[in-house]
Amino acid sequence: MRRRLLLLAGLAIVLGLAIAAAGCGGGEEEAAPAEPAPPAEPAPPAETGGEEPAPPAEPLTLRIGISAALSGPYAAYDVPLLNGMEFAAQEINAAGGPVTVEIVSKDNKGDQTQTLTTAQELLDDGVLVQVLTTAEPSVAVGQLVSAAGGIVTVVGNTAPSIPRDIGARAVSWTTSRPRLARSTRATRATRAPT
């Protein structure tokens, strides 16, 4: 059980990073086509010493939920997040492997009361990995999911207190202060004088 939980947490982190990368893209530029990787050399057959090979891993479907403002005044923030999640899931699923990612979303219309209700609906549907948005009730949703034995990822918030307030079942990554400071200095240095 612990191994499966760690696998789910790891996949949630990978998916979160993919979401962040997809959300940081944009603009009208087209990326140059990537060169195909050279074909991998087949591995030499392993000597089994008479032992049976290990059975293939059982397929796993990782259901990741998000209660987001998919309509209403905050949809401009949450719809791109959902689009990034769906894109990352498509990429992961296209790569094959023992894990299939399924994104399950509920529209809370930007209403704080609906946010908790839709998060609970996701839990009732068996979705124990959920992504938090920038909405105010993120801590309450995180605590709700955590109390149900789930894991939450914090990808849209930059407040470092959110994972602490939720507890050990929250996964977060933020940019460190020194890196932000260097980024800000670099931006100021390249900005044209006004």
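Shown above is the structure to which this text applies.
The structure displayed is predicted, hence computed values, not measured ones. (Residues numbered from 1 in each chain as written. Predicted model: local features only at pLDDT ≥ 70, side-chain atom pairs only at ≥ 80, totals over all residues. Heavy atoms only, no water.)

## Observations concerning the overall build of the chain
Phase 1 of the analysis: When its secondary structure is counted, the chain shows six helices and five strands.
Phase 2 of the analysis: Starting at the N terminus and ending at the C terminus, the chain contains elements arranged as α-β-α-β-α-β-α-β-α-β-α.
Phase 3 of the analysis: Every one of the 194 residues in the chain was classed for burial, and the buried ones make up 29%.
Phase 4 of the analysis: When contacts within the chain are restricted to residue pairs at least 6 apart in sequence, long-range pairs at least 24 apart make up 58% of them.
Phase 5 of the analysis: Looking at the chain as shown, the accessible area adds up to about 13000 Å², and 56% of this sits on carbon and sulfur atoms. (Helix = DSSP H or I, 4+ residues; strand = E, 2+ residues; numbered from the N terminus. Buried < 20%, exposed > 50% of the residue type's maximum accessible area, 1.4 Å probe, protein only. Contact = heavy atoms within 4.5 Å. Areas by Shrake-Rupley, 256 points an atom, 1.4 Å probe, with all protein chains shown as cover.)

## Some words on unusual backbone geometry
Phase 1 of the analysis: A positive phi is found at Lys109, a non-glycine position, where the angle reads about 60 degrees.
Phase 2 of the analysis: Along the polypeptide, Lys109 turns up in the loop between β2 (99–107) and α3 (112–124).

## A word on the packing of α3 against helix α4 (residues 138–147)
Phase 1 of the analysis: Running from N to C, α3 and α4 point in directions that differ by 25 degrees, and their axes come no closer than 10 Å. The orientation of α3 with respect to α4, classified from their angle, is roughly parallel. Our pair here, α3 against α4, has a crossing hand that is right-handed. In this structure, α3 uses Thr115, Leu116, Ala119, Gln120 and Leu123 to contact α4, whose residues at the interface are Ala140, Val141, Leu144 and Val145.
Phase 2 of the analysis: Across the contact of α3 with α4, the residue classes break down as seven nonpolar, two polar and no charged. (Axes fitted to C-alpha atoms, helices over the stretch in contact; angles between N-to-C directions. Parallel < 35°, antiparallel > 145°, perpendicular 65-115°, else oblique. Left-handed = near helix turned anticlockwise from the far one by under 90°. Nonpolar A, V, L, I, M, F, W, Y, C, P; charged D, E, K, R; others polar.)

## What about the environment of Ile166?
Phase 1 of the analysis: Summarising the element assignment, Ile166 is placed in helix α5 (residues 161–166).
Phase 2 of the analysis: Between the alpha carbons of Ile166 and Ala147 there is a distance of 9.5 Å; along the sequence they are 19 residues apart.
Phase 3 of the analysis: Aside from chain neighbours lying at most four places away, what touches Ile166 is Leu132, Ser138, Val139, Gly142, Gln143, Ser146 and Val152.

## Here's the deal with helix α2 (residues 75–94)
Phase 1 of the analysis: Helix length check: α2, at 20 residues, gives a terminal C-alpha distance of 28 Å against a target of 28 Å (1.5 Å per residue), a fit within 8%.
Phase 2 of the analysis: Those residues of α2 lying buried are Ala75, Asp78, Leu81, Leu82, Gly84, Met85, Ala88 and Ala89.
Phase 3 of the analysis: Just beyond α2, the residue with positive phi is Gly96, at close to 80 degrees. (Expected span 1.5 Å × (residues − 1).)

## Side note on the nonpolar core
Phase 1 of the analysis: The biggest cluster of nonpolar side chains holds 14 residues, and the ones touching the most others in it are Ile64, Ile66, Met85, Val101, Ile103 and Val131.
Phase 2 of the analysis: The dominant element in this core, judged by the number of residues it contributes, is strand β1 (residues 60–68), at five residues.
Phase 3 of the analysis: Membership of the second largest hydrophobic core comes to ten residues, among which are Leu132, Val154, Ile162 and Ala170. (Core = buried A, V, L, I, M, F, W, Y, C linked by side-chain atoms within 4.5 Å.)

## Describing the pairing of strand β3 (residues 129–132)
For a regular strand, the rule is simple: side chains alternate between the two faces of the sheet.
Phase 1 of the analysis: Burial along β3 is two-sided: the residues Val129 and Val131 and Gln130 and Leu132 are all buried.
Phase 2 of the analysis: The pairing of β1 with β3 spans three bridges and is parallel. Note that in β3 the partner of Gly65 across the bridge is Gln130.
Phase 3 of the analysis: In the sheet, β3 pairs with strand β4 (residues 151–154) via four bridges, with the strands oriented parallel. (Pairing = 2+ DSSP bridges.)

## Things to note about the pairing of β2
Phase 1 of the analysis: Pairing of β1 with β2, which is carried by nine bridges, proceeds in the parallel orientation. When the sheet's bridge partners are listed, Arg63 is paired in β2 with Glu102.
Phase 2 of the analysis: What joins β1 to β2 is α2, and the crossover it makes is right-handed. (Right-handed = clockwise from strand over helix to strand, strands pointing away.)

## Quick notes on α4
A turn of α-helix holds 3.6 residues, and therefore any two residues three or four places apart point the same way.
Phase 1 of the analysis: Taken residue by residue, α4 has Ser138, Val141, Gly142, Val145 and Ser146 as its buried positions. Looking straight down α4, one finds that the buried residues subtend no more than 130 degrees of arc, so they occupy a single side.
Phase 2 of the analysis: Each element contacted by the buried residues of α4 is listed here: α3, β3, β4 and α5.
Phase 3 of the analysis: At the exit of α4 stands Gly149, carrying a positive phi of roughly 90 degrees. (Arc of directions from axis to C-beta.)

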